[in-house]
Amino acid sequence: MSESYTVVLSPQAIEDLRSIYSYIAYELQVPNIAQEQISRIRNGIRALDFLPFRYPIVNWEPWHSEQTHQFSIDHFTFFIKYIQTPVWLPFFVSFIAGV
């Protein structure tokens, strides 16, 4: 039987999600697309509860030595790191096409 993990978002990750939503909803003026994008991101994060380390480890230091994994959803790149229990999503870097 596979082990289940708990994913915790850092305060910075939560703020980044809010910023993504605000940019799409208010700057680009497409709130429905903003909600859909945030839903896709949240679904991807929820999927980390099972096999969160199926994604590759980054190849730059110091994160490589810290076993930091990277995965993407649309144009957004996320970094996760196992800190005992739970899995911790300390931050994510977002890349928005055309910005």
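Below is a short write-up of the structure. (Residues numbered from 1 in each chain as written. Predicted model: local features only at pLDDT ≥ 70, side-chain atom pairs only at ≥ 80, totals over all residues. Heavy atoms only, no water.)

**Description of the packing of helix H1 (residues 11–27) against helix H2 (residues 31–46)**
Running from amino to carboxyl end, H1 crosses H2 at an angle of 155°, the nearest separation of the two axes being 7 Å. As judged from the angle between their axes, H1 and H2 are roughly antiparallel. You can see that H1 and H2 cross each other, and the crossing is right-handed. In this structure, H1 uses Leu17, Ile20, Tyr21, Ile24 and Ala25 to contact H2, whose residues at the interface are Pro31, Ile33, Ala34, Gln35, Gln37, Ile38, Ile41 and Arg42. (Axes fitted to C-alpha atoms, helices over the stretch in contact; angles between N-to-C directions. Helix = DSSP H or I, 4+ residues; strand = E, 2+ residues; numbered from the N terminus. Parallel < 35°, antiparallel > 145°, perpendicular 65-115°, else oblique. Left-handed = near helix turned anticlockwise from the far one by under 90°. Contact = heavy atoms within 4.5 Å.)

**Remarks on the packing of aromatic side chains**
Applying the stated criterion across every chain yields a total of six aromatic pairs. A centroid spacing of 5.0 Å and a plane angle of 20° characterise the contact between phenylalanine 71 and phenylalanine 78, whose relative ring orientation is stacked. Exposure remark for phenylalanine 71: the relative accessible area of 4% places this residue in the buried category. Look at phenylalanine 78 and you get buried, because its relative accessible area is 0%. (Phe/Tyr/Trp six-rings, centres within 6.5 Å; stacked < 30°, edge-to-face > 60°. Buried < 20%, exposed > 50% of the residue type's maximum accessible area, 1.4 Å probe, protein only.)

Worth remembering: the numbers are spatial, not functional.
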